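Coordinate analysis (summary)
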Amino acid sequence: MYKIAGLNVKMECSGETLLTQGEPYRTAAAGQPDMIIDISDEALVKIKESYPQFCFDEWEYIHKGFAFSYKLLEHSGFCLHASAVAMGNKAVLFSAPCGTGKSTHAGLWQQYFGKDKAVIINDDRPALRLLGDEIYVYGTPWSGKTNLNANIKVLLQAVVFLKQAGENHIERLTNKEAIKRLIRHSIRPNHDKGKMDALLTLLDTLLQKTPVYHLDCNISMDAVKLAYDTINKRMRCII
C-alpha cells in the first residue's frame, strides 16, 4: 500500500524504478484502499513487445503513472506536467513543453532561496486535489527522469507557464488563455467523457482561485526574482 496525494493506493511494483521512487510513499495502512492500480506484469510485457524501445521497468513506471493520473480524477484531483516548488508552505508550479527548462527554473529557485526554503515537490508530474475550498499540491513517485519528489502536501499559490527568451517578462494570463494551456499540459483522459468533464470542472475551479502567469525568461536569478515578486505582491494586495 502507498499513500499518494492523501489516498491509500494499492499497487504492485516489480521494476526497480517504481520500487525505488515509491518507497517514501509506502504505508502500513490497512483496510480498503482508495485506489487500486492493477496493471499486470503480463499486460506490461505485451506492451513492451509492441514497443521494444523501452524496457519493462520503464513501461511499468510510465503506465502505472498514467493509471494513477486517470483514477485521481475520481478523487477531485488531476496531474499537471510541471515542476512544483514549495516556498513557505505554498506551491508554485512551473509548466512548459519538454526541454523548455521548467526543471532548470525550479533549480534556480533552490539556488536563489536555498534548498531548505525552496523544496521541489515533484519535478514532472505533481498531483493537485481540491479539498474543501482549497487546491493542494502533492508529490508523487512519478517525477520524470529525475528522483526529485517529496511526499508532502502544500497549498497551491500560482501556476507559471515558461518560455525561453532573452529578456525576462511576466504577465497574468486571461482565463481563456490559461485554460488552453492547463488542458494542454494536464494528463488527460481523452477517451473517457466522464473523467474529461471532471478534469474541466477542476480546471475551472483552479482558475477561480489561482492566478496563472506566462513568464518569458532566461537562465538567471533575475527571472526568479521577477516571478517571486510578482506572485507575492499580488497575494499581498488581495490580503
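In this report, we go over the structure that sits alongside the text. Residue indices begin from 1 for each chain and proceed along its sequence in written order. It should be noted that, the model being predicted, local features are given only for residues of pLDDT at least 70 and side-chain atom pairs only at 80 or more, the latter also being counted only at that level, while totals for whole chains, interfaces and linings use all residues. Excluding hydrogens and water, the side-chain figures rest on all heavy atoms present in the structure.

We now examine the overall build of the protein. Helix and strand assignments follow DSSP, with helices taken as H or I runs no shorter than four residues and strands as E runs no shorter than two, numbered in order from the N terminus. Secondary structure assignment for the protein yields seven helices and 12 strands. A globule of 239 residues ought to have a C-alpha radius of gyration of about 18 Å, and the protein, at 18 Å, matches this closely. With the C-alpha coordinates aligned to their principal axes, the bounding extent of the protein is approximately 50 × 35 × 35 Å. Here's how the labels work: a residue is buried when its accessible area is under 20% of the maximum for its type, exposed when over 50%, partly exposed in between, all with a 1.4 Å probe on protein chains only. Going through the 239 residues of the protein one by one, you find that 49% of them count as buried. Accessible surface, the protein as shown: approximately 11,800 Å² in total, 51% of it carbon and sulfur. Counted as positive: Lys and Arg. Counted as negative: Asp and Glu, with His and the chain ends omitted from the count. Here the site of a charge means atom NZ of a Lys, CZ of an Arg, CG of an Asp or CD of a Glu. Positive and negative side-chain charges in the protein, numbering 29 and 26 respectively, have mean positions lying 6 Å apart. Restricting the calculation to C-alpha atoms gives the radius of gyration, and the globule rule supplies 2.2 Å times the number of residues raised to the power 0.38. Note on areas: Shrake-Rupley with a 1.4 Å probe; residue coverage comes only from the protein chains shown.

Bringing the pairing of strand β10 (residues 153-164) into the picture now. For two strands to count as paired, DSSP must find a minimum of two bridges between them. Summarising the sheet, strand β6 (residues 90-95) and β10 pair through six bridges and their orientation is parallel. Counterpart to Val92 in the pairing with β10 is Ala158. In this sheet, β10 lies alongside strand β9 (residues 134-138) in antiparallel orientation, the contact comprising three bridges. Counted as the bridge partner of Tyr136 is Leu155 from β10. Two elements, β10 and strand β12 (residues 212-217), share six bridges in a ladder whose sense is parallel.

This brings us to the pattern of salt bridges. Side chains carrying opposite charge are able to pair once their charged atoms draw close together. Salt bridges are defined as contacts in which a side-chain nitrogen from Lys or Arg sits within 4 Å of a carboxyl oxygen from Asp or Glu. A complete count under the given rule lists seven salt bridges for this structure. The partner of Lys195 in a salt bridge is Glu74, and the shortest N-O contact between them spans 3.0 Å. Placement of the pair is Lys195 in helix α6 (residues 193-209) and Glu74 in the loop between α3 (56-72) and β4 (77-79), with a sequence separation of 121 residues. Note on Glu74: relative accessible area 51%, which makes it exposed. When salt bridges with common partners are traced through the structure, they connect Glu74, Asp192 and Lys195 into a single cluster.

Attention now goes to the side chain of Asn232. Relative to the helices and strands, Asn232 is located in helix α7 (residues 221-238). Note on Asn232: relative accessible area 16%, which makes it buried. The term polar contact refers here to a pair of N or O atoms within 3.5 Å; inside protein, the definition further demands a hydrogen-donor-capable atom paired with an acceptor-capable atom, and it admits residues adjacent in sequence only when both atoms are side-chain atoms. Of note is the side chain of Asn232, whose polar atom sits 3.2 Å from the side chain of Gln157. In this structure the side chain of Asn232 is engaged in a polar contact, spanning 2.8 Å, whose partner is the backbone oxygen of Tyr228.

This brings us to the packing of aromatic side chains. Note on aromatic contacts: the rings of Phe and Tyr and the six-membered ring of Trp form a pair at centre separations within 6.5 Å, being stacked when their planes are under 30 degrees apart, edge-to-face when over 60 apart, and tilted otherwise. In this structure the tally under the stated criterion is seven aromatic pairs. Between Phe66 and Tyr70 the ring centres are 6.2 Å apart and the planes differ by 20 degrees, which places this aromatic pair in the stacked class. In this pair, Phe66 and Tyr70 both sit in helix α3, four residues apart, roughly one turn of the helix. Given a relative accessible area of 29%, Phe66 falls into the partly exposed group. Given a relative accessible area of 31%, Tyr70 falls into the partly exposed group. Ring centres of Phe113 and Tyr228 lie 4.9 Å apart, and the angle between their planes is 50 degrees; this geometry places the pair in the tilted category.

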